[in-house]
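What the coordinates show
One-letter residues, chain by chain:
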Protein chains: 4
Amino acid sequence: MARPKNEERRQSIIDSAIRLIAREGLSAATAAIAKEAGVPNGSLFTYFATKAELLNTLYLEVKQELISFVEDGLSDAGGEHEQLLHLWTRWTHWGAANPEKRQMLAQLSVSDEVLETTREAVLAAAQGPVNLVQRVARQGALRNQDPALAGALVESLADTATDFMSRDPEQAEQICLATFEFLWNALR
Amino acid sequence: MARPKNEERRQSIIDSAIRLIAREGLSAATAAIAKEAGVPNGSLFTYFATKAELLNTLYLEVKQELISFVEDGLSDAGGEHEQLLHLWTRWTHWGAANPEKRQMLAQLSVSDEVLETTREAVLAAAQGPVNLVQRVARQGALRNQDPALAGALVESLADTATDFMSRDPEQAEQICLATFEFLWNALR
Amino acid sequence: MARPKNEERRQSIIDSAIRLIAREGLSAATAAIAKEAGVPNGSLFTYFATKAELLNTLYLEVKQELISFVEDGLSDAGGEHEQLLHLWTRWTHWGAANPEKRQMLAQLSVSDEVLETTREAVLAAAQGPVNLVQRVARQGALRNQDPALAGALVESLADTATDFMSRDPEQAEQICLATFEFLWNALR
Amino acid sequence: MARPKNEERRQSIIDSAIRLIAREGLSAATAAIAKEAGVPNGSLFTYFATKAELLNTLYLEVKQELISFVEDGLSDAGGEHEQLLHLWTRWTHWGAANPEKRQMLAQLSVSDEVLETTREAVLAAAQGPVNLVQRVARQGALRNQDPALAGALVESLADTATDFMSRDPEQAEQICLATFEFLWNALR
DNA sequence: CATGAATGAGTCTTCATTCAT
DNA sequence: AATGAATGAAGACTCATTCAT
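Residues numbered from 1 in each chain as written. Chains lettered and ligands numbered in written order. Predicted model: local features only at pLDDT ≥ 70, side-chain atom pairs only at ≥ 80, totals over all residues. Heavy atoms only, no water.

1. Observations regarding the relation of the copies chain B and chain A
Superposing chain B onto chain A takes a rotation of 180° combined with a translation of 0.1 Å along the rotation axis, leaving an RMSD of 0.1 Å. What the rotation and shift describe, once combined, is the action of a two-fold rotation axis. Closest to the rotation axis within chain B is the C-alpha of A186 of chain B, separated from it by 2.1 Å. Interface residue correspondence from chain B to chain A reaches 100%, placing this contact among same-surface, isologous pairings. (Least-squares fit on C-alpha atoms with pLDDT ≥ 70 in both. Contact = heavy atoms within 4.5 Å.)

Shown next as structure tokens:
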């Protein structure tokens, strides 16, 4: 190759996009993103053919990051309660620690710029946590429902819990534990 | 005085805005909204001074409609279980029956075009349901947390439950009841 | 109407477009056309929804102008020779007198921005001259061919004759008459 | 020295350029041409210093190809009628058989990217056919005109005749002969 | 020499809002 | 009051050409 694509630049664009979208929403201009990344506006398009492609990449990669973070240290050894607590704790803490990424994801989640295939890829990557939730829920109120339902409910709860943890960092641990108990009671 | 003469036109603009924003997101053009409403583009601004005002009105009025619908038939007479079930049923059914309004609200909920004052007005209007939820939750896992937390968690659950009911109308009743049980277990 | 569209502005845009396209080809920028017309760039699009629409309008209206000019004074009274000479003279003189319009038409004639429907509309408008040519040609070499062929051949000859008349204005009359004789011999 | 090593690549670029320009006009991107030719975009510029140079090369080489094809088999032996018929037949058939090259030439013919020197080179190369036409025309209607006029008129006729032959291949032979008769009558 | 990433000016088009009628 | 034409600053994306590798 004449000159390999600059991986740092790509990441720099992604980081700027996260920041700007968190701040200004999806209407953040590609030129503004490029500028914030210290890259000429035209160059953004050598890394992402369209704005939509950038948005899908953003969604996919940040979701994957969250999933990896959640799965890290998750062991089959412990009981379901312990495993779910691990998942819950890491999930909400990741969100509380990454407010811009969370805000960006919130925008993208309701956008139809994010393709169905992208959402499916995320779902596939989340298989581990999703399975855990379903195992916990298998005898609870949702026992006869679409298995995806439990996962979706947990996700929405995690999101809301994280919101409150972000807003009131001093209470974060308490909120995390209380909402976990709320969740545990709900699922079983 | 506050409201211009033609109430029908105003409503027609609101209806079109709901439809278009559900379909195209917040980037729906005011001219397109006016056209769909059968109103000259300039006239939209005699009803709503700015696009942001239209958006805030949309958010406020539709949320109020939802709240009214939920409260309709809600009586202090019944027990907490009965009352919460009533709330849950009507909430989710309203959403399932009004997909465009739900989609529009989803867009607006993450937008910073919706002012804090507007959100507060909605919260104030929702006092009844919110109080009910807090009463149910007063001895549960959330007993020592910010009272708003319980409300927010319930809202996010309702939203997700409605999603699934919309997608699978034949199972809607089952989903409604199962998620209610899920909620009840969580709150208590 | 609140404010009627300004017909003068429309014409001014068309005139500028003719001039610029003659000078720079179809790649002439809409902003440059607007500027030359003394109109804000955005306003061009209140008169022509897209550049393609402007181009089609240009083609249609200038062709119609040429046709009108050619037909002006054309009378059924005279013989075929006299009528065809009238047509030929006015056709070539219009072209020689309107070099920018001719150059613009030359660009558009080979462009696929000009829609088939536009070309058909021009053909329909040219019925009078086309019929005359076909009448003259009815016993000549083209007698058994697609009637459109005669028309097309005459058009291409007229175009070339006009070229030479433009380039050498002093010989214009001679060229006009000589090429008419050439044409007359060919058709009969 | 003048030509870089890889003659095949050069030709491949030319072929792709013909195809793409026929399809999309002169605005065909150099990168798209290179891609269609299976050549890296930067490499196009080792064969043609600028896009304009590519365009001029295209015009020159394809015109030369046409001229060679027309002259092939043309012998001074036959009479003028026979020679002109030979020229006419091969000219129109080449066009009918090479629609993309014809379309590309049509675009370039009206473009000011093609330099005057290039056009002169083509004219020089076409001396044989041009002389033949002038010989035939020396006592006809054009006898006192710029000798180039006869050549230009014949070229425009050939182009139009070829159009009709392309569109209606079954009638191609008839059209060729009928238009030749048309031409013969005109010139003499 | 070959490559393909990099560039930034330039393209068409959109749009909330204003204001002449 | 009602209308719809007018505006001009953005916006996403393109592209011929260059040059680091």
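2. Let's talk about the side chain of N56 of chain B
All names here are of chain B. Within the fold, N56 resides in helix α4 (residues 51–71). For N56, the side chain forms a polar contact with the main-chain oxygen of A52, separated by 2.8 Å. Setting aside anything within four residues of it in sequence, one finds N56 in contact with E113, V114, L115 and T118. (Helix = DSSP H or I, 4+ residues; strand = E, 2+ residues; numbered from the N terminus. Polar contact = N/O pair within 3.5 Å; in protein donor to acceptor, adjacent residues only side chain to side chain.)

3. A look at the protein's contact with DNA strand E
DNA strand E sits among 35 residues. The nearest are A2 and S43 of chain A, T30 and F45 of chain B together with R9 of chain D. Protein-adjacent atoms of DNA strand E, using a 4 Å cutoff, are sugar or phosphate at a proportion of 61%. K51 of chain B is positioned such that a nitrogen or oxygen atom in its backbone is 2.8 Å from a phosphate oxygen of DNA strand E. N41 of chain D places a polar side-chain atom, nitrogen or oxygen, 3.1 Å from a base nitrogen of DNA strand E. Within the residue set of the surface near DNA strand E, elements represented by two or more residues are α3 (41–47) of chain A, α2 (30–36) of chain B together with α3 (41–47) of chain C. When residues in the surface near DNA strand E are grouped by element, the largest group, five residues, is from α3 of chain A. The class makeup of the residues in the surface near DNA strand E is 13 nonpolar, 15 polar and seven charged. (Near = heavy atom within 4 Å. Nonpolar A, V, L, I, M, F, W, Y, C, P; charged D, E, K, R; others polar.)

4. What to know about the interface of chain B and chain A
Taken residue by residue, the interface counts 29 residues in chain B and 29 residues in chain A. Taken together, both faces of the contact between chain B and chain A bury some 2,500 Å²; the carbon and sulfur share is 69%. It is V110, F164 and F182 of chain B that lose the most area in chain B upon contact with chain A, and together they represent 24% of the buried surface on that side. On inspection of chain B and its partner chain A, the count reaches two salt bridges. The tally of links from chain B across to chain A stands at six residue pairs in polar contact (both at pLDDT 80 or more). When grouped by side-chain class, the residues that make up the side of chain B that touches chain A number 16 nonpolar, seven polar and six charged. (Buried area = accessible area lost by both parts, 1.4 Å probe. Salt bridge = Lys/Arg side-chain N within 4 Å of Asp/Glu carboxyl O.)

5. A word on the protein's contact with DNA strand F
Neighbouring DNA strand F are 35 residues, the closest being R9 of chain B, A2, R3 and S43 of chain C together with F45 of chain D. The backbone of R3 of chain C places a nitrogen or oxygen atom 3.4 Å from a sugar or linking oxygen of DNA strand F. Backbone polar atom of G42 of chain C to a base nitrogen of DNA strand F: 3.2 Å apart, as the coordinates give it. Of all the secondary structure elements, the ones that give two or more residues to the surface near DNA strand F are α3 of chain A together with α3 of chain C.

6. Describing the packing of aromatic side chains
Following the criterion strictly, the structure yields four aromatic pairs over all chains and no others. Between the NZ or CZ atom of R90 of chain A and the centre of the ring of F69 of chain A, over which it lies, the distance is 4.0 Å. The side chain of R167 of chain C reaches across the aromatic face of F164 of chain C, ending 4.5 Å from its centre. (Phe/Tyr/Trp six-rings, centres within 6.5 Å; stacked < 30°, edge-to-face > 60°. Lys NZ or Arg CZ within 6 Å of the ring centre and 35° of its normal.)

7. Side note on the relation of the copies chain C and chain D
In screw terms, the move from chain C to chain D is a rotation of 180° and a rise of 0.0 Å along the axis, fitting with an RMSD of 0.1 Å. Taken as a fraction of all interface residues of chain C, those also at the interface in chain D reach 100%, which identifies the copy contact as same-surface.

8. Some words on helix α6 (residues 99–109) of chain B
Along an α-helix, residues three or four positions apart point the same way, because every turn accommodates 3.6 residues. Those residues of α6 of chain B that fall on the buried side of the exposure criterion are K101, R102, M104, L105, Q107 and L108 of chain B. Packed against the buried residues of α6 of chain B are α1 (7–24), α4, α5 (80–97), α7 (116–125) and α9 (147–167) of chain B. (Buried < 20%, exposed > 50% of the residue type's maximum accessible area, 1.4 Å probe, protein only.)

9. Regarding the domain arrangement of chain A
Residue and element names in this part refer to chain A. As far as domains go, chain A holds domain 1 (1–49) and domain 2 (60–187). Computed from C-alpha coordinates alone, the two centres of domain 1 and domain 2 are separated by 28 Å. The interface is formed by eight residues belonging to domain 1 together with nine residues belonging to domain 2. Between domain 1 and domain 2, the buried area comes to about 750 Å², and carbon and sulfur atoms account for 68% of it. Three residues stand out in domain 1 for area buried against domain 2, namely I18, A22 and L26, and they jointly supply 63% of the buried area on that side. Linking domain 1 with domain 2 are one salt bridge. Its salt-bridge partner being R10, residue E61 comes within 2.4 Å of it at the nearest N-O pair. Seen at the junction of domain 1 and domain 2, the total is one residue pair in polar contact (both at pLDDT 80 or more). Here the residues of the side of domain 1 that touches domain 2 are counted per class, giving five nonpolar, one polar and two charged. (Domains from an automatic or database assignment.)

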